[in-house]
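Close look at the chain arrangement
Residues per chain, in single letters:
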Amino acid sequence: MDYFPIFMKLRGEPCLVVGGGEVALRKVRLLRSAEAAVTVVAPELVAELRAMAGAGEIRHVDGRFSGEQLAGMRLVVAATDDRRVNLAVAEAGRVQGIPVNVVDDPDISSYITPAIVDRSPLVIALSTGGGVPVLARLLRARLESLIPAGFGRLAGFAARFRDRVKARFGDVEARRIFWESVLEGPVADAVMLGNDEAACAEMEKRLASADDKPTGAVYLVGAGPGNPDLLTFRALRLMQQADVVLYDKLVAPELLELVRRDAERIYVGKARANHALPQEDINQLMVRLAQEGRRVVRLKGGDPFTFGRGGEEIETLAAHGIPFEVVPGITSASGAAAYAGIPLTHRDYAQSVVFVTGHRKDDSIDLDWPALTRPEQTVVVYMGVSTARELCDAFIAHGKPAETPAAVVEWATTARQRTVTGTLASLPEVIARHGVQSPALIIIGEVVKLAETLSWYRRIESEPVTIRN
Ligand code: SAH
């Protein structure tokens, strides 16, 4: 190890920054975030440093650097663009035994500053030994995306209970298991959502109960339209913590790859006509698994609250007092629109957008036709491929012009995405000829014309004109 990492207490300690430019400003901010007493030596200051000096947040020594300014300093940063000055600061530090960092010059620095992920009190510092700062920054970006924003709050919350948990669980192993279930379960979720009251109540309950069985919970997670890059951070984190994952046909295999390796996976089916498990059984299964203390992720294609029966599933959980959370996902209409180059609204073509299901109920498609056939409106039909003929006919019968542009997008956002365009009159034919199958969305409206110029992801098969791009 070339450098010894430490976290230094600087509250109220005198620190010197030599230089008054943007780089110096960044270092001053950093030192101020640790509440150091900062002095800046420079003949000129950028506006923000001037303001800080004016407000008494830092002390400004107006002039040039000289060695005696180091006296009494705990830490020094040289941030001028004059290498001779920087060298002089480094040398003065060496003689007086005070650590000096010269920005971007590890060779003459006695310490270097790491890239930081700040979730105070949790702080992660990382360094590549000054050699490849860009690499450290890239790593930091990854960590930033992995660590929830509320993690600092969680660290603070846990610290408040440290002594009591220690007293309650004499056995180190029991204490570890307790903390794991707290830091990855409903208590942590409540803290990170800013609900300290609920978190404290749950913590008290857990500390008081003799039974150390972890509390289960159900996470109703929107997995997006299929492309794993379109998952939310929250969805990914929960998938990597889950004990059990319930998924159905709409969840692409690439997404299941991201689930924690030793999590149990349960397929609960859902082909439109023959549900592998009736909805009521899925609901009961989730209740039972959570009551066993397991963290259950119910993965749903798209968004759980958009034609996803998410509401019904959590009603059952609520009735049984099971803690649950809903994680939104990108609904397939948004995914298909973006990846097929069909904006759902557009100032020239569509002022509103409506999502409907083309699923038959009691053998007929029961929709509000006068509302759906209004001009300057985009209609997106979920689950409409098998009823496309009936749908398109009804649109025309209720007054929508037969030549209205229409598209069908199959497996939107995935490597298998296919878009075929036509008109209300031709679409059913087009769907049959191209063998388009579920999952696919039908998009109806003038905006479909834009795909010709705006599609960027996959080839569009258009009827009757063929476009190549
Ligand atoms: N909750 C989901 C919708 C479930 S209903 C969501 O928000 O997207 C199932 C219907 O969604 C399918 O019949 C199909 O119309 C549509 N769908 C889901 N994923 C799709 C995809 N990748 N491409 C096209 N349509 C999709």
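Placed above this text is the structure.
Keep in mind that this is a model prediction, so the values were computed, not measured.

Side-chain alternation along strand β4 (residues 75–78) places Leu75 and Val77 on one buried face and Val76 and Ala78 on a second face that is also buried. As defined by bridge partners, strand β1 (residues 14–18) adjoins β4 across four bridges and the pair is classed as parallel. Each bridged residue has a counterpart across the sheet, and for Leu16 the counterpart in β4 is Val76. Bridging between β4 and strand β5 (residues 100–102) involves three bridges; their strand directions are parallel.

Moving on to the site of the ligand. In the vicinity of the ligand there are 18 residues, among which Thr306, Thr331, Ser332, Ala412 and Ala440 approach most closely. Here Asp303 contributes a backbone N or O atom positioned 2.8 Å from an oxygen atom of the ligand. Here an oxygen atom of the ligand and a backbone polar atom of Ala440 are 2.7 Å apart. Across the complex, the protein chains shield 94% of the 540 Å² of accessible surface that the ligand would expose by itself. Residues that form the shell around the ligand fall into these classes: eleven nonpolar, six polar and one charged. Mapping the shell around the ligand onto the domain boundaries places at least three of its residues in each of domain 3 (217–330) and domain 4 (333–462).

All right, on to helix α8 (residues 196–208) then. With 13 residues, α8 extends 18 Å from end C-alpha to end C-alpha; this agrees with the ideal 18 Å at 1.5 Å per step. Taken as a whole, α8 has its buried residues at Ala199, Glu202, Met203, Arg206 and Leu207. Taken around the axis of α8, the buried residues stretch over an arc of 135 degrees, which confines them to a single face. In α8, the exposed residues that point more than 90 degrees away from the buried face are Glu197, Lys205 and Ala208. Of the surrounding secondary structure, the elements contacted by the buried residues of α8 are α5 (151–168), α6 (172–183) and α7 (186–192).

Across the interface, α5 lies against α6 with an axial gap of 12 Å and an inter-helix angle of 150 degrees. It follows that α5 is roughly antiparallel to α6 by the angle criterion. The handedness of the crossing between α5 and α6 is right-handed. For the pair α5 and α6, contact is made by Leu154, Ala158, Phe161, Arg162, Val165 and Lys166 and by Arg175, Phe178, Trp179 and Leu183, respectively.

This brings us to unusual backbone geometry. A cis amide bond, omega 5 degrees, links Ser120 with the succeeding residue Pro121. With respect to the helices, strands and loops of the structure, Pro121 is situated in the loop between β6 (115–119) and β7 (122–126). Of note, the amide linkage connecting Ser438 to Pro439 takes the cis form, showing an omega dihedral of 0 degrees. Mapped onto the fold, Pro439 is located in the loop between α16 (427–434) and β17 (440–444). If you check the backbone angles, Arg309 has positive phi at about 60 degrees while not being a glycine. Relative to the helices and strands, Arg309 is located in the loop between β11 (295–300) and α12 (310–319). Using a relative accessible area of 34% as the deciding quantity, one classes Arg309 as partly exposed. The phi torsion at Thr413 lies on the positive side, around 75 degrees, for a residue other than glycine. By secondary structure assignment, the location of Thr413 is in the loop between β15 (405–410) and β16 (418–423).

Reading the values: rules and limits
- Position numbers for residues start from 1 in each chain and track the written sequence from start to end.
- In keeping with the model being predicted, local features are shown solely for residues with a pLDDT of at least 70 and side-chain atom pairs are shown and tallied solely at 80 or more, while totals for entire chains, interfaces and linings include all residues.
- Only hydrogens and water are set aside when side-chain values are computed; all heavy atoms of the structure are taken into account.
- Under the scheme applied here, a residue whose accessible area is under 20% of the maximum for its type counts as buried, over 50% as exposed, and between as partly exposed, the area being computed with a 1.4 Å probe on protein chains only.
- Only DSSP runs of H or I covering at least 4 residues are called helices, and only runs of E covering at least 2 are called strands; the numbering of each starts at the N terminus.
- Pairing between two strands requires that DSSP report at least two bridges joining them.
- For this description, a residue counts as near a given molecule or strand if any of its non-hydrogen atoms is within 4 Å of it.
- Residues adjacent in sequence count toward polar contacts only when both atoms are side-chain atoms; beyond that, a polar contact is any pair of N or O atoms within 3.5 Å, and within protein one must be able to donate a hydrogen and the other to accept it.
- Per-residue accessibility takes into account occlusion by the displayed protein chains alone, with areas from the Shrake-Rupley method and a 1.4 Å probe.
- Note on residue classes: Ala, Val, Leu, Ile, Met, Phe, Trp, Tyr, Cys and Pro are nonpolar, Asp, Glu, Lys and Arg are charged, and everything else, Gly too, is polar.
- What fixes the domain bounds is an automatic or database domain assignment.
- Residue count minus one, scaled by 1.5 Å, sets the expected span of a helix.
- Summarising the geometry, the arc corresponds to the directions from the helix axis toward the C-beta atoms.
- A contact between two residues is defined here by any heavy atoms of the two lying within 4.5 Å.
- Angular values range over 0 to 180 degrees, each being the angle between N-to-C directions of two axes fitted as lines to C-alpha atoms, with helices fitted over their stretch in contact.
- Our angle categories are set so that under 35 degrees counts as roughly parallel, over 145 as roughly antiparallel, 65 to 115 as roughly perpendicular, and the remainder as oblique.
- Each crossing gets its handedness from the near helix: less than a right angle anticlockwise from the far helix is left-handed, clockwise is right-handed.

Fair warning: the whole summary comes from geometry, so function is off the table for now.
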